[in-house]
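Residues per chain are reported as follows:
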Amino acid sequence: MANALQKQTDLSVPEQAKLDVVLKLQDKFELLKNDYYGIANDTEYAKAEPSLNSLEDDLQDFETQFCDLVIENSQLSDSEKLHYLRGALRGDAEIVETSADDFNSLFKALEQRYENKRVIVDCHIKNILNVQAMKYESSGDLRILLDNIKKD
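Residues numbered from 1 in each chain as written. Predicted model: local features only at pLDDT ≥ 70, side-chain atom pairs only at ≥ 80, totals over all residues. Heavy atoms only, no water.

S.K.: I tried to follow the overall build of the chain on my own but got confused; where do I start?
M.R.: When helices and strands are counted, the chain shows eight helices and zero strands. Reading the helices (α) and strands (β) of the chain from amino to carboxyl end gives α-α-α-α-α-α-α-α. Counting every position in the chain, which comprises 152 residues, the buried fraction comes to 23%. For the chain, contacts bridging at least 24 residues in sequence account for 42% of all contacts bridging at least 6. (Helix = DSSP H or I, 4+ residues; strand = E, 2+ residues; numbered from the N terminus. Buried < 20%, exposed > 50% of the residue type's maximum accessible area, 1.4 Å probe, protein only. Contact = heavy atoms within 4.5 Å.)

S.K.: Before we go on, may I ask you to explain helix 6 (residues 103-114) in this structure?
M.R.: The periodicity of an α-helix, 3.6 residues per turn, causes residues three or four places apart in sequence to face the same way. Between the first and last C-alpha of helix 6 there are 16 Å, a value that for 12 residues agrees with the 16 Å anticipated at 1.5 Å per step. Every buried residue belonging to helix 6 is among Phe103, Leu106, Phe107, Leu110 and Tyr114, and all of these are buried. Down the axis of helix 6, the sector holding all buried residues measures 100°, keeping them to one side. Turned more than 90 degrees away from the buried face of helix 6 sit Asn104, Lys108 and Gln112, all of them exposed. (Expected span 1.5 Å × (residues − 1). Arc of directions from axis to C-beta.)

S.K.: Explain the nonpolar core here, please?
M.R.: Formed by 18 residues in total, the largest nonpolar core has its most connected members in Leu52, Phe66, Leu85, Leu106 and Leu110. At the level of secondary structure, the elements contributing two or more residues to this core comprise helix 4 (59-71), helix 5 (78-88) and helix 6. The greatest single-element share of this core, amounting to five residues, is contributed by helix 6. (Core = buried A, V, L, I, M, F, W, Y, C linked by side-chain atoms within 4.5 Å.)

S.K.: Help me understand the packing of aromatic side chains, please; the structure alone is not making it clear to me.
M.R.: Within a pair of aromatic rings, the relevant descriptors are the distance that separates the centres and the angle that separates the planes. Evaluated as defined, the whole model comprises three aromatic pairs. Aromatic pair Phe66 and Phe103: ring centres 6.4 Å apart, planes at 20°, arrangement stacked. With Phe66 in helix 4 and Phe103 in helix 6, this pair connects stretches of sequence that are 37 residues apart. Using a relative accessible area of 8% as the deciding quantity, one classes Phe103 as buried. Aromatic side chains Phe66 and Phe107 sit 6.2 Å apart centroid to centroid with 25° between the ring planes, which places their arrangement in the stacked category. Linking Phe66 in helix 4 with Phe107 in helix 6, this pair joins segments that are 41 residues apart in sequence. For Phe66, a relative accessible area of 0% puts it in the buried group. Among the residues examined, Phe107 registers a relative accessible area of 12% and is labelled buried. Of the aromatic side chains, those joined through ring pairs into one cluster are Phe66, Phe103 and Phe107. (Phe/Tyr/Trp six-rings, centres within 6.5 Å; stacked < 30°, edge-to-face > 60°.)

S.K.: Which parts of the structure should I look at to understand a nonpolar patch on the surface?
M.R.: Residues Val121, Ile125 and Leu129 make up a contiguous nonpolar surface patch of about 300 Å² in total accessible area. Assignment of secondary structure puts Leu129 in helix 7 (residues 117-129). (Patch = residues over 30% accessible without salt bridge, like charges linked within 9 Å, V, L, I, M, F, W, Y side chains within 5 Å. Areas by Shrake-Rupley, 256 points an atom, 1.4 Å probe, with all protein chains shown as cover. Salt bridge = Lys/Arg side-chain N within 4 Å of Asp/Glu carboxyl O.)

S.K.: What should I look at first to understand the pattern of salt bridges in this one?
M.R.: Between side chains of opposite charge, a pair can form as their charged atoms come close. Evaluated as defined, the whole model comprises one salt bridge. The partner of Arg86 in a salt bridge is Glu97, and the shortest N-O contact between them spans 2.8 Å. Of this pair, Arg86 sits in helix 5 while Glu97 sits in the loop between helix 5 and helix 6, and the two are 11 residues apart along the sequence.

S.K.: Would you mind showing me how to read the environment of Glu111 here?
M.R.: Mapped onto the fold, Glu111 is located in helix 6. Along the chain, Glu111 and Glu63 lie 48 residues apart, while their C-alpha atoms are 9.0 Å from each other.

S.K.: Would you mind going over the side chain of Lys81 with me for this structure?
M.R.: Take Lys81: it is sitting in helix 5. In contact with Lys81, not counting residues within four places along its chain, are Phe66, Val70, Ile71, Asn73, Leu76 and Phe103.

S.K.: For this particular structure, what's the right way to read the packing of helix 5 against helix 6?
M.R.: Pairs of packed helices are described in terms of their axes, by the angle between the two and the distance that separates them. Where helix 5 meets helix 6, the closest approach of the two axes is 9 Å, and the angle between their N-to-C directions is 35°. Contacts between helix 5 and helix 6 involve Asp78, Lys81, Leu82, Leu85 and Arg86 from the former and Phe103, Leu106, Phe107 and Leu110 from the latter. When the residues that make up the contact of helix 5 with helix 6 are grouped by side-chain class, the tally is six nonpolar, no polar and three charged. (Axes fitted to C-alpha atoms, helices over the stretch in contact; angles between N-to-C directions. Nonpolar A, V, L, I, M, F, W, Y, C, P; charged D, E, K, R; others polar.)

Okay, structure coming up:
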């Protein structure tokens, strides 16, 4: 259903926003489904693997997803965990990586670099200031506003 909706290109802004929410929910559902049924092979693992791109990405969300999928998986060795961690790094986050890193040292280096509280606060403030204004003073619009602020 989402694929059919995604093919339509003449959507209005509110319809596109709703479609984006549906697609994000579908992606999250797929992650939960894979986690629930267990991930059987590397190709399924690659689809569910989170990524970290830059300082603006939320390290806490990345850590939570990565811990759930990789770190807490007792079937993986440290070298396999390192492989998945290196695969999750994109853009600026790849700069932190060195060839001498083991899994623990690389994860610690990422935490030290990306737990910049000032940048995190600045990103949250920017997201709150960019929240769309309420159209009507109604409980539904107020709930939408509150949900948008909470997710950022």
